[in-house]
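What follows is the residue order along each chain.
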Amino acid sequence: MTIQWYPGHMAKARREAKEKLKLIDVVIELVDARIPLSSRNPVIDELAQGKPRLILLNKSDLADPNHTKNWKVYFEKKGNAVLQIDAQKGTGVKAISQEVQLLAKPLTDKMRAKGMNPRAIRALILGIPNVGKSTIINRLAGKKIAKIGDRPGITKAQQWIKVGKEMELLDTPGILWPKFEDQAVGYRLALTGAIKEEILDLQDTTVFLLRYLKEQYPERLKKRYGLTEISDDVVEIYDEIGKKRGCLMSGGLVDYDRVAEILFREFRSGMLGQISLEIPTES
Ligand code: G4P
């Protein structure tokens, strides 16, 4: 697979995240609940070393609730605090500040032991593009914070957003690039909108999706496309969906490009229901 991230941009983002982390007590890592591993960048472990970490499983409204529950257990077992949230609607967002306080308790206890009045705990949101960082910052701020780059020519000084009395959030998130050596990770990122769909071949992406749905969510496929049974052969499933949806070319052949577009669009817009594209193997 040929995906070219710009090494210069990646290095810059990493350097910036590292700088920001120096000011931070607690790291809030945002991942997509549908693909919690594929939407992480392993560099975060190195960057956030030693800092308490809260993992937010965002977009949980789009993910399969059963799997999200297991993902929460999975990350907790690895020593992280975890919350499942829907930043768009605000579900679960209130609990963030409380969780950050708990994570920072050793620090506040230390301040108290030294006779100091504990200051607000400083947190930073980190995550790959499109995972919902700005949405959550706006939620926590209770207003729209301008994105860096929203106003060309104007460089914005970094500011702290007060979240209640006990937490402060850096108003610009740390961006990490997704990392993938494995094709499946690329397909998952394209299907969830983390990378532009044009980067990968649409047919390859939807074949990946169909194979996965056939194994994990056969009933959803049947229901959505009126299939009586699910063939073992993805081409036959393409054919059946194409016929049902009238995606035919002259001569009655199925137009696979149109079927691929339908599958991609309907998955992306949630018409197939809440689906997780990654399932924890241990929980
Ligand atoms: P970023 O800063 O990490 O790059 O992501 P951003 O907040 O811009 O969010 C990317 C997209 O994901 C936005 O949609 C946003 O509304 C959506 N989003 C964020 N959190 C959630 C969530 O919990 N659930 C769902 N369903 N969507 C979420 P968009 O299509 O780019 O814009 P718009 O629809 O808000 O206009």
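Residues numbered from 1 in each chain as written. Predicted model: local features only at pLDDT ≥ 70, side-chain atom pairs only at ≥ 80, totals over all residues. Heavy atoms only, no water.

### A short note on the environment of Val82
Checked against the element boundaries, Val82 lands in strand β3 (residues 81–84). Placed 29 residues apart in sequence, Val82 and Arg53 show a C-alpha to C-alpha distance of 8.6 Å. Setting aside its immediate chain neighbours within four residues, Val82 contacts Leu54, Ile55, Leu57, Lys72, Phe75 and Glu76. (Helix = DSSP H or I, 4+ residues; strand = E, 2+ residues; numbered from the N terminus. Contact = heavy atoms within 4.5 Å.)

### Points about the site of the ligand
Near the ligand, the surroundings consist of 16 residues, among which Asp61, Asn130, Lys133, Ser134 and Thr135 are the closest. Taking Asp61, its side chain carries an N or O atom lying 2.8 Å from a nitrogen atom of the ligand. In this structure, an oxygen atom belonging to the ligand sits 2.8 Å away from a main-chain N or O atom of Asn130. Relative to its free-state accessible area of 710 Å², the ligand is covered by the protein chains to the extent of 65%. The element that contributes the greatest number of residues to the shell around the ligand is helix α6 (residues 133–141), accounting for 3 residues. Looking at the shell around the ligand, its residues break down into 5 nonpolar, 6 polar and 5 charged. (Near = heavy atom within 4 Å. Polar contact = N/O pair within 3.5 Å; in protein donor to acceptor, adjacent residues only side chain to side chain. Areas by Shrake-Rupley, 256 points an atom, 1.4 Å probe, with all protein chains shown as cover. Nonpolar A, V, L, I, M, F, W, Y, C, P; charged D, E, K, R; others polar.)

### Some thoughts on the side chain of Asp32
Assignment of secondary structure puts Asp32 in strand β1 (residues 26–32). Note on Asp32: relative accessible area 3%, which makes it buried. Within polar-contact distance, the side chain of Asp32 engages the side chain of Arg34 at 2.8 Å. Asp32 has contacts with Ser39, Asn58, Lys59, Val131 and Thr192, leaving out every residue within four places of it along the chain. (Buried < 20%, exposed > 50% of the residue type's maximum accessible area, 1.4 Å probe, protein only.)

### Focus: the packing of helix α10 (residues 234–244) against helix α11 (residues 256–268)
It is the contact of α10 with α11, at a shortest axis distance of 10 Å, that shows an interaxial angle of 85°. Taken together, the axes of α10 and α11 are roughly perpendicular relative to one another. Two secondary-structure elements touch here, α10 through Val235, Tyr238, Asp239, Ile241 and Gly242 and α11 through Tyr256, Val259, Ala260 and Leu263. Grouping the amino acids of the contact of α10 with α11 by side-chain chemistry returns 7 nonpolar, 1 polar and 1 charged. (Axes fitted to C-alpha atoms, helices over the stretch in contact; angles between N-to-C directions. Parallel < 35°, antiparallel > 145°, perpendicular 65-115°, else oblique.)

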